[in-house]
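Residue strings, one per chain:
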Amino acid sequence: MKKILVTGGAGFIGSNFIQYILDHQKDLVLLVNLDALTYAGNLENLKAAEQDARYRFVKGDVRDKELVEQLFQKYDFDTVVHFAAESHVDRSITDPEVFLTTNILGTHTLLEAAKSAWKCEPDNKHSKDYREGVRYLQVSTDEVYGALGKTGMFTEATPLAPNSPYSASKASADMLVRAYYQTFGLPVNITRCSNNYGPYQFPEKLIPLMIHNAQHDKPLPVYGDGMQIRDWLHVKDHCAAIAAVLEAGRPGEIYNIGGNNEKANLEIVRLILKELDKSEELIQYVQDRPGHDRRYAIDNTKITAELGWRPAYTFEQGIHETIQWYLQNTGWVERAASVGTEKIVE
C-alpha cells in the first residue's frame, strides 16, 4: 500500500482505520480521505491525523463521478478502502432512497473509476500483470446475511438474505463489487464485519447512546424484549483485520470479521448501567422495529486460518475502555449528539 483512497473516513470505523494505517503502515506515501461530512461524519475524529504530512482530506460525495475521477487522476491510487455508506437501519426504514443512491450508486462510481484507472477490461481479466499491487476493498456488514436461528454462524458461503433497506443496499453493492471482479478482473475483496464498538461512534448507536443516556439519567430505550443477539467486535480489531486483508487477501475473496462475542442487547445495556452504578429502572422497552433480525454470529475461521488475524480485545476489556472513553470525552459526545440522534439501533 502506497497511495490509499479511503471513503467515509470521517465516520466511526473510517476514522479509526485512518489512524491505524498512519500508525502502522510505514511505506505509506499518501492517504486521501473522501467524505461528504453528513451527520455522522466528524473531522474532530481526525485531529491527530491532520498533523501527519501523508494525510489529505477532501470534502465530497462518492456519487460525484467527476470528483472521484479527478482524484484518481491526481493521486494515482493503488488502494481503495470503501467505508462511505448510510448505515442507520432505522433511517433506512423511514427514508430508503438515500441508502440506495449512496450505498449502491456511490459504490458503482468508485468501481468505474478504479476500473478505468487500473485498466481492467474483460479481455484481460485473467492477466496478472495489470492488477498486481492494486486493490479495491469493500467494507460490508454481516446484516446482508439476514437473521440466524438459535444456533449456527454466518460463513462466507451463507446466502444473502437482507431484511432492511439498509442491508439490501449493502448486499446490492457487494454484488456489484463481485461482478466487477468476475467481469473485468478488478482486484477486489469484500469484508463483512459484525457489530463494531469503540471510540468515536456516533451516539445514535446502541453502546454510546446507552452510555450517554445513563450518564444523564435519561431513559434507555430498548427494542422489543432486548434479546436481539449480536457478535461484538472492537473497532481496532476490525481495522487490523482490514489491513490484513489488504496485505495478503486473495483477490475476489470475501472475509468475514467477527469478535466471537455474542451478547444480547439487553445484556449490554445492563452491563453499562452496572459500570455506571445506575438503576435498571432507566430501561424503557419500546416497540420493536420492522424486520429486526433476531441474531447474528460470525464464523471468522477463514480470515484467522488464511491471514493469521485474531481479535486482540476481550469484550470485557474493550467495553470497559469504551465506556471510559465516552465518560472522558463528554464534550465530543455532546457536540456529536447535537447533530440529531434517533432512538436506538443495535
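The residue count restarts for each chain, going from 1 along the sequence in the order it is written. Since the coordinates come from a predicted model, pLDDT governs what is reported: local features require at least 70, and pairs of side-chain atoms require 80 or more to be given and counted, while whole-chain, interface and lining totals use all residues. Excluded from the side-chain calculations are hydrogens and water; all other atoms, namely the structure's heavy atoms, are used.

Asks: Just to check I follow, could you spell out the side chain of His292 for this structure?
Replies: Under the DSSP-based scheme used, a helix requires at least four consecutive residues in state H or I and a strand at least two consecutive residues in state E, with every element numbered from the N terminus. Inspection of the secondary structure assignment puts His292 in the loop between β12 (283-286) and α9 (301-307). Between N or O atoms, a polar contact is any pair within 3.5 Å; within protein, one atom must be a potential hydrogen donor and the other a potential acceptor, and residues adjacent in sequence are included only when both atoms are from side chains. Reaching out from His292, the side chain makes a polar contact with the side chain of Asp288 at a distance of 2.6 Å.

Asks: Can you help me understand the sheet that holds strand β4 (residues 79-82) in this one?
Replies: Within a sheet, adjacent strands bond to each other through the backbone by hydrogen bonds, running parallel or antiparallel. Being paired, for any two strands, means DSSP has found at least two bridges between them. If you trace the seven strands from one edge of the open sheet to the other, you get β3-β2-β1-β4-β5-β6-β10, paired in parallel fashion. With partners counted over all chains shown, the strands left at the sheet margins are β3 (55-59) and β10 (254-257), one partner each. Direction aside, neighbouring strands of the sheet carry axes that sit 20 degrees apart on average. Two strands pair when backbone bridges link them, and strand β2 (residues 30-35) and β3 are joined in this way by five bridges, in the parallel orientation. Each residue of the ladder has a partner; that of Leu31, found in β3, is Tyr55. In what follows, a contact means two residues having at least one pair of non-hydrogen atoms within 4.5 Å. Axis angles are defined between N-to-C directions and span 0 to 180 degrees, where every axis is a line fitted to C-alpha atoms and, for a helix, only to the segment in contact. Contacting β1 (3-7), β2, β3 and β4, helix α2 (residues 65-75) crosses the sheet at an angle of about 175 degrees to β2. Of the strands in this sheet, β4, β5 (135-141), β6 (188-193) and β10 are in contact with helix α7 (residues 235-248), which crosses β5 at around 145 degrees.

Asks: Got a minute to help me understand the packing of aromatic side chains in this structure?
Replies: Given two aromatic rings, one states the distance between the centres and the angle between the planes to describe the pair. For Phe, Tyr and Trp, where Trp contributes only its six-membered ring, two rings pair if their centres lie within 6.5 Å, and the inter-plane angle classes them as stacked under 30 degrees, edge-to-face over 60, or tilted in between. Applying the stated criterion across every chain yields a total of 16 aromatic pairs. Geometrically, the ring pair formed by Phe99 and Tyr166 is edge-to-face, given 6.4 Å between the ring centres and 75 degrees between the ring planes. Here Tyr166 lies in helix α5 (residues 165-184) and Phe99 lies in helix α4 (residues 96-117), a separation of 67 residues in the sequence. Residue Phe99 shares its accessibility class with Tyr166, and that shared class is buried. The interplanar angle of 70 degrees and the centroid separation of 6.4 Å between the aromatic rings of Tyr197 and Trp232 together place this pair among those described as edge-to-face. One end of the pair, Tyr197, is in strand β7 (residues 195-197); the other, Trp232, is in strand β9 (residues 229-234), with 35 residues separating them in the sequence. Take Tyr197 and Trp232: they sit in the same class, and that class is buried. Taken together, the ring pairs connect Phe72, Tyr75, Phe77 and Trp118 into an aromatic cluster. Two thresholds decide whether a charge sits over a ring: the Lys NZ or Arg CZ must be within 6 Å of the ring centre and within 35 degrees of the ring normal. When the ring centre of Tyr39 is taken as reference, the NZ or CZ atom of Arg91 above it lies at 3.8 Å. Only protein chains enter the accessibility calculation, which uses a 1.4 Å probe. A residue is then buried if its area is under 20% of the maximum for its type, exposed if over 50%, and partly exposed in between.

Asks: In this structure, what is going on with the sheet that holds strand β11 (residues 262-264)? I would like to understand it.
Replies: On the basis of which strands lie adjacent, the open sheet formed by three strands has the order β7-β9-β11 and mixed pairing. Edge strands, defined here as strands with exactly one partner in the open sheet, are β7 and β11. Geometrically, the sheet is characterised by an average inter-axis angle of 50 degrees between neighbouring strands, direction not taken into account. As judged from the three bridges shared by β9 and β11, these two strands associate in the antiparallel manner.

Asks: Help me out: how do you make sense of the packing of helix α8 (residues 265-275) against helix α10 (residues 315-328) in this one?
Replies: Between two packed helices, what matters for the description is the angle formed by their axes and the separation of those axes. For the pair α8 and α10, interaxial distance at closest approach is 11 Å and the crossing angle is 60 degrees. With respect to each other, α8 and α10 are oriented oblique. In this structure, α8 crosses over α10, and the sense of that crossing is right-handed. Contacts from Ile268, Leu271, Ile272 and Glu275 of α8 reach α10 at Phe315, Ile319, His320, Ile323 and Gln324. Under this grouping Gly is polar, as are all residues other than the nonpolar Ala, Val, Leu, Ile, Met, Phe, Trp, Tyr, Cys and Pro and the charged Asp, Glu, Lys and Arg. Tallied by class, residues from the contact of α8 with α10 come to six nonpolar, two polar and one charged. The cut-offs work like this: below 35 degrees is roughly parallel, past 145 is roughly antiparallel, 65 to 115 is roughly perpendicular, and the gaps in between are oblique. Handedness of a crossing is defined here by the sense of rotation of the near helix relative to the far one, left-handed for an anticlockwise turn of less than a right angle and right-handed for a clockwise turn.

Asks: Got a minute to help me understand α4 in this structure?
Replies: Note: α-helices contain 3.6 residues per turn, so residues at a spacing of three or four share the same orientation. Each helix should span, by expectation, one fewer than its residue count multiplied by 1.5 Å. Here α4 contains 22 residues, and its C-alpha end-to-end distance of 31 Å stays within 8% of the 32 Å for a straight helix at 1.5 Å per residue. Within the span of α4, buried status applies to Phe99, Thr102, Asn103, Ile104, Gly106, Thr107, Thr109, Leu110, Leu111, Ala113, Ala114 and Lys115. In this structure, the buried residues of α4 make contact with β1, α2, β4, α3 (89-94), β5 and α5.

Asks: Which parts of the structure should I look at to understand unusual backbone geometry?
Replies: Note: most peptide bonds trans; most residues except glycine with negative phi. Here the phi dihedral of Leu37 falls at roughly 55 degrees; this positive angle occurs in a residue that is not glycine. Within the secondary structure, Leu37 is located in the loop between β2 and β3.

Asks: Looking at this structure, I do not really get the pattern of salt bridges. What am I missing?
Replies: Think of it this way: side chains of opposite charge can pair up when their charged atoms draw near. Here, a salt bridge means any side-chain nitrogen of Lys or Arg that lies within 4 Å of a carboxyl oxygen of Asp or Glu. For the structure shown, the criterion picks out 15 salt bridges. Note that Arg250 is salt-bridged to Glu253, the shortest N-O span being 3.5 Å. Judged by its relative accessible area of 40%, Arg250 is partly exposed. Via salt bridges that share partners, Arg250, Glu253, Lys302 and Glu306 belong to a single interconnected network.

Asks: Help me understand the nonpolar core, please; the structure alone is not making it clear to me.
Replies: As a rule of thumb, soluble globular proteins bury nonpolar side chains together. Among the nonpolar cores identified, the biggest contains 37 residues, and Leu5, Leu34, Phe72, Trp118, Tyr136 and Leu186 are the most heavily contacted of them. Put simply, the parts of the chain that give this core at least two residues each are β2, α2, α4, α5 and β6. With five residues, the single largest contributor to this core is α2. Working definition of a nonpolar core: buried Ala, Val, Leu, Ile, Met, Phe, Trp, Tyr and Cys residues. They are joined through side-chain atoms within 4.5 Å.

Asks: I would appreciate a short explanation of the environment of Asp237 in the present structure.
Replies: Along the chain, Asp237 falls in helix α7. Through-space distance from the C-alpha of Asp237 to that of Arg294 is 24 Å; in sequence the pair is 57 residues apart. Setting aside residues up to four positions removed in sequence, Asp237 forms contacts with Trp309, Pro311, Ala312 and Tyr313. A polar contact is formed between the side chain of Asp237 and the backbone nitrogen of Tyr313, at a distance of 3.0 Å.

Any link to function would need more than the numbers given here.
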